[in-house]
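Report on the structure
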Amino acid sequence: MTTPSPPRRVSTNPQPETRGMNFFDADTALQSLLSLYLPAADRDHLTPHFHKLGALVGDRLDDLACTADRNPPVLHVRNRQGHDADRVEKHPAYVEMERFAFGEFEMSAMSHRPALGWPEPIHHVAKYTLQYLFAQSEFGLLCPMSMTDSLTRTLIRYADQSLLDRYLPALLAEDFESAAQGAMFMTEQDAGSDVGETVTTAVRDGDAWRLFGDKWFCSNADADVVLVLARPEGGGEGTRGLGLFLMPRLLPDGSPNRYRIVRLKDKLGTRSMASGEITLEGASAWLVGDLDRGFVQIAEMVNQSRLSNAVRAAGMMRRSLHEALCVSRNRKAFGSNLIDLPLMQRQLLKLLLPTEQALSLCLFTAVALRRADEGDETGMKMRRILTPLLKFRVCRDARKVTGDAMEVRGGCGYIEEWIEARLVRDSHLGSIWEGTSNITALDVLRAAKREEAHVWLRKELSANLAAAHGIPEEFRVELSGLLDRAVDLVARTAAAGRTGERSARQAASALFHAASAVVMAVEGAALAEEKGDARRLLMAKLVVEQKLTASDPFMEIDVDTEAADAEWLLSDASIPLGDVSTRLKKR
Ligand SMILES: Cc1cc2nc3c(=O)[nH]c(=O)nc-3n(C[C@H](O)[C@H](O)[C@H](O)COP(=O)(O)OP(=O)(O)OC[C@H]3O[C@@H](n4cnc5c(N)ncnc54)[C@H](O)[C@@H]3O)c2cc1C
């Protein structure tokens, strides 16, 4: 007789799931801000697309991203007959994600031609909204998508008509099967941050050039069209001696170009996407723009990618926050839902604040970029300084937010079948590629020193603050003073040359926090007037208290105030301006 086995115990407190959630519908902050930043007609037309992508994040896209992460691309250097093949085999899950990004949502082409049924290129705010949503499932693929977008922009700006005629149609193709993808090969073993050390050479060959050298980090390694930095023979030293070249994967006659993918990198994150090492063996390439302005011209592509990186980091933080809120609202410990425990509330507010700062400044910068593209000088200057500022601080914050959100899920957060572990792995890359944190913080100082961009930013933010209705006067004065101090710190640090470099990150962080507090306060005032919700004013106050004025580690927490803040901010209910007005006074 067999002994009956005891029934398996089923958990009464299982891990909460966000599966099935629509990540656009659930993002009330994003929806409110779109009402401020995206014109109504664009918003009405594009909201169904946001809604559709938000549903995919909670469902199919999440599955694909998880599968692609576990099945990284494979390099086949030869075919079975022994001929050089150099083929990157991508997992079908990755290819299906490509279909969504490049095909269905037209994300790489939407800034350069009509897309998504809209008669003209899509507003930058809408483009970055789609990237922000997509990144909540998949980060890696957005690198090729963004490089294709920014390469196209750079070509349109600098390439001659014959190159545009040859390559633009494929880069902008509506049909996914025939669409080309882009990449950027700059980095060499001795030339990463210090691009001026580039040794790849370009030798003239009739109206084309031949490239020789080794590129050490090449994401989207098998891209169809690549921009490469190389030093023309006899070119000067440093970045001034560098030219920018368009190198196609296939030559105009259809034969493979003369370069090899030597191996693929075994990466911590973005495992779905192929980053490789490439040897250039006399590859044919065509000059883009002026021969001695290669570095300046590639900066256009790098800057676009930097902004996209910040937006993706903002998306990863939002996903982390959604997961953390879902867990803490639905999981119990010590007889309570986690969200009702004071210390958990404190941690959740710490996840929420950088997430909201990032969203506000990303959308604000998308508008600045649009103004810049329309020729507005304030837009150009603001875009110049905000791009490295966001890349530096938002990507840095994402590493912490994703890590802390992982802890909110407890042990399961560390297990790869939940998304938190992948978010932690992916988020770290944002701070390294396209310029490390040190390099982007130094670029903030460069923008101040060479273009006085900090002065233009202050002028615009001060004007916005002065024009906003409903910000209590005491808080307005406090914000204005903090903005002045941050801008002055950037100015002094930038003027101090090599000595000032030591303070670059401190100054950039101060400017990021002051700028985000002002932007959030202005948004909060507008939303209080429009929808009766002053929550972003309260968030601006928290930025001031926690990021700009708190310094004493022995200061006791004002527990009643924090409990009230948590009750307001951890729910989606509107907060009337009258209720937070007292809170906005100086403590
Ligand atoms: C997964 C992945 C994919 C990539 N894809 C691409 C790609 O597609 N195309 C491409 O061109 N590159 C790519 N890169 C390369 C990436 O942009 C570089 O790794 C990055 O710019 C840093 O360069 P480096 O690795 O040579 O580090 P280094 O330049 O050697 O930097 C090392 C450290 O020194 C610091 N440092 C450098 N200069 C200063 C300074 N003046 N002051 C203070 N600190 C400083 C840096 O902040 C960093 O912490 C990729 C990298 C990775 C990891």
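Conventions we followed
- Residues numbered from 1 in each chain as written.
- Predicted model: local features only at pLDDT ≥ 70, side-chain atom pairs only at ≥ 80, totals over all residues.
- Helix = DSSP H or I, 4+ residues; strand = E, 2+ residues; numbered from the N terminus.
- Rg over C-alpha atoms; globule rule 2.2 N^0.38 Å.
- Buried ≥ 20, exposed ≤ 12 C-beta atoms within 10 Å, placed from the backbone.
- Near = placed C-beta within 6 Å.
- Nonpolar A, V, L, I, M, F, W, Y, C, P; charged D, E, K, R; others polar.
- Core = buried A, V, L, I, M, F, W, Y, C linked by C-beta atoms within 7 Å.
- Contact = placed C-beta atoms within 7 Å.
- Axes fitted to C-alpha atoms, helices over the stretch in contact; angles between N-to-C directions.
- Left-handed = near helix turned anticlockwise from the far one by under 90°.
- Domains from an automatic or database assignment.
- Parallel < 35°, antiparallel > 145°, perpendicular 65-115°, else oblique.

1. Concerning the overall build of the chain
From N to C terminus, the chain includes 19 helices and 11 strands. In summary, the chain has a C-alpha radius of gyration of 25 Å against a globular reference of 25 Å for 587 residues, a match within 12%. Seen along its three principal axes, the alpha-carbon backbone of the chain occupies a region of about 85 × 75 × 50 Å. The buried share of the chain, taken over its 587 residues, is 50%.

2. Comments concerning the site of the ligand
If you check the shell around the ligand, you find 21 residues, and the closest are Gly192, Ser193, Phe217, Ser219 and Thr436. Counting only elements with at least two residues in the shell around the ligand, the list comes to β3 (182-185), β5 (208-219) and α12 (437-451). Among the residues forming the shell around the ligand, the class breakdown is 9 nonpolar, 9 polar and 3 charged.

3. Side note on the nonpolar core
In terms of nonpolar packing, the biggest core is built from 181 residues, with Phe245, Cys362, Leu511, Ala517, Val518 and Ala521 touching the most fellow members. If one sorts the elements of this core by residue count, helix α16 (residues 504-531) sits on top with 18 residues. When residues no more than four places from it in sequence are discounted, the contact partners of Cys362 are Tyr128, Ala310, Val311, Ala314 and Leu390.

4. A word on the packing of helix α6 (residues 142-158) against helix α8 (residues 294-330)
Direction vectors running N to C along α6 and α8 enclose 145°, while the axes themselves pass 9 Å from each other. In this structure, α6 crosses over α8, and the sense of that crossing is right-handed. Residues Leu142, Ser146, Met147, Asp149, Ser150, Leu151, Arg153, Thr154, Arg157 and Tyr158 of α6 lie in contact with α8, whose contacting residues are Gln297, Glu300, Met301, Gln304, Ser305, Ser308 and Arg312. Residue classes in the contact of α6 with α8 are distributed as 5 nonpolar, 7 polar and 5 charged.

5. With respect to the domain arrangement of the chain
For the chain, the domain assignment lists domain 1 (28-178), domain 2 (182-291) and domain 3 (452-587). The C-alpha centroid of domain 2 is placed 23 Å from the C-alpha centroid of domain 1. Domain 1 puts 27 residues into the contact, and the matching count from domain 2 is 25 residues. Among the elements of the structure, α3 (60-70), β2 (84-89), α6 and α7 (161-171) are those that each provide at least two residues to the side of domain 1 that touches domain 2. Take the side of domain 1 that touches domain 2: its biggest share by element is 9 residues, from α6. For the side of domain 1 that touches domain 2, the class distribution of residues is 20 nonpolar, 4 polar and 3 charged.

6. Side note on the packing of helix α13 (residues 453-467) against helix α14 (residues 473-495)
Where α13 meets α14, the closest approach of the two axes is 10 Å, and the angle between their N-to-C directions is 175°. What the angle tells us is that α13 and α14 run roughly antiparallel. Where α13 approaches α14, its residues His454, Arg458, Leu461, Ser462 and Leu465 are matched on the opposing element by Arg476, Leu479, Ser480, Leu483, Val487, Val490 and Ala491.

7. What about the environment of Thr436?
Topologically, Thr436 is positioned in the loop between α11 (419-430) and α12. Residue Thr436 is classed as partly exposed on the basis of its 16 C-beta neighbours within 10 Å. Non-local contacts of Thr436, meaning those with residues more than four positions away in its chain, are made with Ser193 and Ser431.

8. Brief notes about the environment of Pro73
If you trace the backbone, Pro73 turns up in the loop between α3 and β1 (74-78). Given 19 C-beta atoms within 10 Å, Pro73 falls into the partly exposed group. For the pair Pro73 and Glu89, spaced 16 residues apart in sequence, the C-alpha to C-alpha distance is 5.5 Å. Beyond its immediate stretch of four places on either side in the chain, Pro73 contacts Val88, Glu89, Lys90, Leu264 and Ala274.

9. Points about unusual backbone geometry
Even without being a glycine, Phe334 presents a positive backbone phi close to 50°. You can see Phe334 is positioned in the loop between β10 (332-333) and β11 (336-337). Given 7 C-beta atoms within a 10 Å radius, Phe334 is considered exposed. Not every positive phi belongs to a glycine, and Glu434 is a case in point at roughly 60°. You can call Glu434 buried: it has 27 C-beta atoms within 10 Å.

10. Some details on helix α4 (residues 92-104)
What α4 keeps buried is the set Tyr94, Met97, Phe100, Ala101 and Phe102. Elements that come into contact with the buried residues of α4 comprise α2 (40-57), α3, α5 (124-134) and α6.

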